[in-house]
Amino acid sequence: MVIPITSSKITSAVWGPYEEYIITGHENGEICYYDLKTGEKVNACKDHSKQINDLQLSKDYSMLISASKDTTAKVRHLTQFNRNGLVIYLQLSVLAWTT
């Protein structure tokens with residue numbers, strides 16, 4: 001499957017469980033969630049002001065941490081619910097660290 005990216009260049013990516021979705025970090029600080037069955041962008045957020053350097057998921061896939069060139073790392077709690085398949089979305093609560 002090819003997912004066309006029309007926004008900023010991808011600089012980091014992680015696979016979700018069972019290869020159902022992919023999370024991408026972009027040069028402009030945006031984080032996007034794509035459904036791999038449809039290729040559709042499920043959600044996106046822009047919590048960083050500069051490029052995403054790295055994305056990592058917790059072992060149970062419940063948390064995502066992102067590191068950015070803006071010198072912050074942010075942890076997000078991922079919530080899953082099932083409506084015609086797995087859908088991932090961001091909760092509004094974000095923890096942030098900065099140097």
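Residues numbered from 1 in each chain as written. Predicted model: local features only at pLDDT ≥ 70, side-chain atom pairs only at ≥ 80, totals over all residues. Heavy atoms only, no water.

Quick notes on the overall build of the chain
Okay, so step 1: Looking only at helices and strands, the chain features 0 helices and 8 strands.
Okay, so step 2: Overall, the chain shows an N-to-C arrangement of helices and strands of β-β-β-β-β-β-β-β.
Okay, so step 3: Per-residue burial over the chain gives 39% buried out of 99 residues.
Okay, so step 4: Sequence-distant contacts in the chain: of pairs separated by 6 or more residues, those separated by 24 or more amount to 31%. (Helix = DSSP H or I, 4+ residues; strand = E, 2+ residues; numbered from the N terminus. Buried < 20%, exposed > 50% of the residue type's maximum accessible area, 1.4 Å probe, protein only. Contact = heavy atoms within 4.5 Å.)

Section: the pairing of strand S5 (residues 52-57)
Okay, so step 1: As defined by bridge partners, S5 adjoins strand S6 (residues 63-68) across 5 bridges and the pair is classed as antiparallel. Across the sheet, the residue bridging to Asp54 is Ala67, located in S6.
Okay, so step 2: Connecting S5 to the next strand, S6, in antiparallel fashion are 5 residues, including Tyr61 with a positive phi near 65 degrees. (Pairing = 2+ DSSP bridges.)

Regarding the sheet that holds strand S1 (residues 10-15)
Okay, so step 1: If you walk across this open sheet you meet the 4 strands as S1-S2-S3-S4, and the pairing is antiparallel. Across the chains shown, the open sheet's two edge strands, defined by having one partner strand only, are S1 and strand S4 (41-45). Strand after strand, the sheet turns through a mean of 20 degrees between neighbouring axes, direction not considered.
Okay, so step 2: Pairing geometry for S1 and strand S2 (residues 21-26), over 5 bridges, is antiparallel. (Axes fitted to C-alpha atoms, helices over the stretch in contact; angles between N-to-C directions.)

Describing the side chain of Glu30
Okay, so step 1: Checked against the element boundaries, Glu30 lands in the loop between S2 and strand S3 (31-35).
Okay, so step 2: Among buried Asp, Glu, Lys and Arg side chains, Glu30 stands out as unpaired, with Lys41 the closest opposite charge at 4.4 Å.
Okay, so step 3: Apart from residues lying up to four places away in sequence, Glu30 is in contact with Ser7, Thr24, Gly25, Lys41, Ala44, Cys45, Lys46 and Ile52. (Lys, Arg positive; Asp, Glu negative; His and termini not counted. Salt bridge = Lys/Arg side-chain N within 4 Å of Asp/Glu carboxyl O.)

Focus on the pattern of salt bridges
Okay, so step 1: On inspection of all chains with the given rule, the structure shows 1 salt bridge.
Okay, so step 2: Residues Asp47 and Arg76 are paired through a salt bridge, measuring 3.1 Å at the closest nitrogen-oxygen approach. Taken together, the residues Asp47 in the loop between S4 and S5 and Arg76 in strand S7 (residues 72-82) connect sequence positions 29 residues apart.
Okay, so step 3: With a relative accessible area of 28%, Asp47 lands in the partly exposed category.
Okay, so step 4: Assessed through its relative accessible area of 1%, Arg76 is described here as buried.

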